[in-house]
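Per-entry structural report
Each chain is listed here by its residues.
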Amino acid sequence: MSAKSNTGGKTNGNIVAIIAMFFLFAMISFVTNLAAPIGTIWGYQFEGNSFLGMLGNMMNFLAYLFMGIPAGKIITRIGYKKTALWAMAIGIVGLLVQWTSSLGTMGIGMFVIYLIGAFICGFCVCMLNTVTNPMLNLLGGGGNRGNQLLQAGGAFNSLAGTLTPFFVGALIGQLSRESHIGNVSPLLWIAIGIFVVAFIVISFVHIPEPNLVKGGSKAPKYTHSPWNFRHTVLGVCAIFMYVGIEVGIPSTLNFYLAEPGERGAGIIGDASVIAGAIVAVYWLFMLIGRTLSTFISSKVSSRQQLITVSFAAIVLIIVAILTPKEVVFNVPSFIYHNDSGVIAQVPVSALFLICCGLCTSVMWGGIFNLAVEGLGKYTAQASGIFMMMVVGGGVIPLVQQLFADKIGYMPSYWLLVACLGFILFYAIAGCINVNKDIDVSYEEELKEELV
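Predicted, not measured: the structure shown is a model, and the values here were computed from it.

Basis of the calculations
- Residues numbered from 1 in each chain as written.
- Predicted model: local features only at pLDDT ≥ 70, side-chain atom pairs only at ≥ 80, totals over all residues.
- Heavy atoms only, no water.
- Core = buried A, V, L, I, M, F, W, Y, C linked by side-chain atoms within 4.5 Å.
- Buried < 20%, exposed > 50% of the residue type's maximum accessible area, 1.4 Å probe, protein only.
- Contact = heavy atoms within 4.5 Å.
- Patch = residues over 30% accessible without salt bridge, like charges linked within 9 Å, V, L, I, M, F, W, Y side chains within 5 Å.
- Areas by Shrake-Rupley, 256 points an atom, 1.4 Å probe, with all protein chains shown as cover.
- Salt bridge = Lys/Arg side-chain N within 4 Å of Asp/Glu carboxyl O.
- Helix = DSSP H or I, 4+ residues; strand = E, 2+ residues; numbered from the N terminus.
- Expected span 1.5 Å × (residues − 1).
- Bend = angle between axes of the 7 residues up to and from the residue.
- Phe/Tyr/Trp six-rings, centres within 6.5 Å; stacked < 30°, edge-to-face > 60°.
- pLDDT = per-residue confidence, 0-100.

If you look at the biggest cluster of nonpolar residues, it comprises 142 residues, and the most contacted ones within it are L257 and I317. Other than its neighbours up to four places away in sequence, I317 contacts I249, L353, C356, Y413, L416, V417 and L420.

Below is the structure:
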């Protein structure tokens, strides 16, 4: 009887832990997605330079390169819970620094302060990502069930991502030289408030610590590493490209739609507001895709899903590139409504790009799930490496902006087509584990910590 009650208690504890991870997943997207739309304000201050505008996003993701592996080591030393608490404290500091950049006249000095704040926030979201992904995969027991929890967490991530650019666009209004980062200060304070509340809540939540051996001792040294697994190494490359694709599609689209004149989409009216609303639909589609995947992932393998969505995304982006800017569609009133009665028109290419949100929605969970399959005791180390490669979300969009400044916004999307081609290869052949002879027996001890 007592054994049964104990098992039930641990099960309930796991449910609370899963909910806590979902909450942290949402905050990752909220903080990350502030960078690109705020970057449109800075970019417009520097002669509409989209490369400079994307630097805040780059700094956010650059932090992953420095913090990815250390974050994995921190987890093995102090556990998931304390790592998450430290991450939220760092996030509060980063947001405060970004807010400080709104206190003066917008110039190079304040821009540097903003970039420092974005970099600090990058440490925060890197640590949170390192906590949430392996935790959800392990709490689900790996395999299809682990992927199912990752997709569910991703749904909360996408919900926050849907709301962020929409709110930023609404606060900015019509983009002009008078636009100021102070316009979006309310969102920075909301994020700070949420982190404070989350810090208090997580402090009282029991989080299983599968990376700490029974008795509280540190995990033993291993004779191999995740780098010894071919499917993991290729998965690391795929994650690098995937995050670049996920961020590059909406970020470049936001610059394209918001920029007035011939180089941009040529939207008449509140271009920044319309751009924010359209980009929000991309994240909404990611929310829909991840929600659907939550229900089907127990029956459809990660590999099958990844093959389907990577191929579909390639087709959608190519069609978007080849569709003339003059081919437009009327923006539905529930997405954007102007009291003057003017109907906003946006290039149809934007529609194909936002539909890619349905495809990118399941890629992170699918790649991560396939890449750590069979790693066992090397999973925590692999998670740190994966977080390091999230820097792709800063590098690839930045390179895309270089192309956009030279050859135009839409042709720059060929870079993302090439990245998607690699992900398709990974889903077809690269994800196969050819190193099954390596001992990963510690995996059973990790699972015992969760039962």
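On the surface, V196, F199, I200 and F204 cluster together to form a nonpolar patch covering roughly 410 Å² of accessible area. Relative to the helices and strands, F204 is located in the loop between α7 (185–203) and α8 (230–258). Taking relative accessible area as the criterion, F204 reaches 73% and is therefore assigned exposed.

Right, let's talk about the pattern of salt bridges for a bit. The tally for this structure, following the rule as stated, stands at 1 salt bridge. One salt bridge in this structure joins R290 and E246, with 3.9 Å as the shortest N-O distance. Separated by 44 residues along the polypeptide, R290 in helix α9 (residues 271–296) and E246 in helix α8 bring together distant segments of the chain.

Counted at 1.5 Å a residue, the expected span for helix α10 (residues 302–322) with its 21 residues is 30 Å, and the 30 Å between its end C-alpha atoms agrees. What α10 keeps buried is the set S302, Q305, L306, V309, S310, A313, I314, L316, I317, A320 and I321.

The end-to-end C-alpha distance of α8 is 42 Å, a good match for the 42 Å that 29 residues give at a rise of 1.5 Å each. The largest bend in α8 amounts to roughly 30° and is located at G248, with the proline P250 lying one to four residues further along. In terms of burial, α8 is a largely internal element, 24 of the 29 residues being buried.

Another aspect to go through is the packing of aromatic side chains. The final tally for this structure, using the stated rule, is 12 aromatic pairs. Between the aromatic rings of W99 and W189, the centroid separation amounts to 5.2 Å while the plane-to-plane angle is 70°, which identifies the pairing as edge-to-face. With W99 in helix α4 (residues 55–100) and W189 in helix α7, the pair connects residues that are 90 residues apart, well separated along the chain. For W99, a relative accessible area of 25% gives the class partly exposed. A relative accessible area of 41% places W189 in the partly exposed class.

Put simply, the protein has an average pLDDT of 79, and 81% of its residues get 70 or more. Counting interchain partners and residues more than four positions distant, the pLDDT-below-50 stretch residues 1–11 has 1 contact. Overall, residues 213–219 carries pLDDT values under 50, and its contacts beyond four positions in sequence, including any with other chains, amount to 11 contacts.

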